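What the coordinates show
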Amino acid sequence: SVLVLHRAVQGNRGHQFAFVGVLLGLTFLGHVAPAILIGGLVALHTTWRAIQAARRRHWVEVRRTLARFAVVVILALIVSAPYLQSIVGHYRLEVVHLHPTFWVYPEMEVANIGRFLTERLSRTLVVPAVVGLAALLASRTARVSGAYVLGWMGLAFLFVAYSYIWQIQVVREVIWP
């Protein structure tokens, strides 16, 4: 899905964005988490592109960007309709069994954050990953790819931060959605 989004951005053709919407819907049918990340990338791209066009006062480009975003969202909703029908129609967007949502992977518990970070940052794969990321960001030809990698990492970081904040709030008996 990310590759198709990249191709759609590079080709700048409407039908390519339609394909992004179809794949986003299929991804949602498979699992919600990657669909949220990919949907977040689409939203980040749309926001960035619309702001850039608005700064240049290219209002036609702003409308085209927002229309393509609408196509992605509408097609994703249509393709994922079988799953959405049960979530919206049957369950009315309410979680019936809350207990599973309180489970946290033991290594990701707030109490283990120090050990988690120490173990993850001390692994030998961190250095090549940082070098690869730096090379990607420094490359003029891979600028768009670097933006996707940073966008993906940023969204993943936000979800991890949300998880930790949620855990802290649960301890204080303030439940977030």
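Scroll up to find the structure this text is about.
Heads up: these notes are all about the structure in this document. (Residues numbered from 1 in each chain as written. Predicted model: local features only at pLDDT ≥ 70, side-chain atom pairs only at ≥ 80, totals over all residues. Heavy atoms only, no water.)

1. Remarks on the nonpolar core
Put simply, the test is: As used here, the term nonpolar core means buried Ala, Val, Leu, Ile, Met, Phe, Trp, Tyr and Cys residues forming a set that is joined through side-chain atoms within 4.5 Å. Between buried and exposed lies partly exposed: a residue is buried under 20% and exposed over 50% of the maximum accessible area for its type, with that area taken using a 1.4 Å probe on protein chains only. Under the scheme used here, helices are H or I runs from DSSP no shorter than 4 residues and strands are E runs no shorter than 2 residues, and both carry numbers assigned from the N terminus. Should any heavy atoms of two residues lie within 4.5 Å, those residues are counted as being in contact.
Membership of the largest hydrophobic core comes to 19 residues, with the highest contact counts inside it found for Leu 5, Val 9, Phe 17, Val 20, Leu 24, Val 42 and Val 72. Within the residue set of this core, elements represented by two or more residues are helix 1 (2-11), helix 2 (14-30), helix 3 (32-55), helix 4 (59-79) and helix 8 (143-171). When sequence neighbours within four positions are dropped, the list of residues in contact with Leu 5 reads Val 20, Leu 41, Val 42 and Tyr 148. Counting residues in each nonpolar core, the second largest holds five residues, with Val 104, Met 108, Phe 116 and Tyr 164 among its members.

2. A look at unusual backbone geometry
Positive phi outside glycine occurs at Arg 57, with the angle close to 60°. On the secondary structure map, Arg 57 appears in the loop between helix 3 and helix 4.

3. A closer look at a nonpolar patch on the surface
The criterion, for reference: Two distance rules govern patches: like charges are joined within 9 Å, and nonpolar side chains (Val, Leu, Ile, Met, Phe, Trp, Tyr) within 5 Å, applied only to residues with over 30% relative accessible area and no salt bridge. With residues, only the protein chains shown are counted as cover, and all accessible areas are computed by Shrake-Rupley using a 1.4 Å probe. What makes a salt bridge here is a side-chain nitrogen of Lys or Arg within 4 Å of a carboxyl oxygen of Asp or Glu, nothing more.
A contiguous nonpolar patch, built from Leu 137, Val 149, Leu 150 and Met 153 and spanning about 310 Å² of accessible area, is present on the exposed surface. Ranked by residues supplied to the nonpolar patch, first place goes to helix 8 with three residues. Looking at where Met 153 falls in the secondary structure, it is placed in helix 8. Given a relative accessible area of 41%, Met 153 falls into the partly exposed group.

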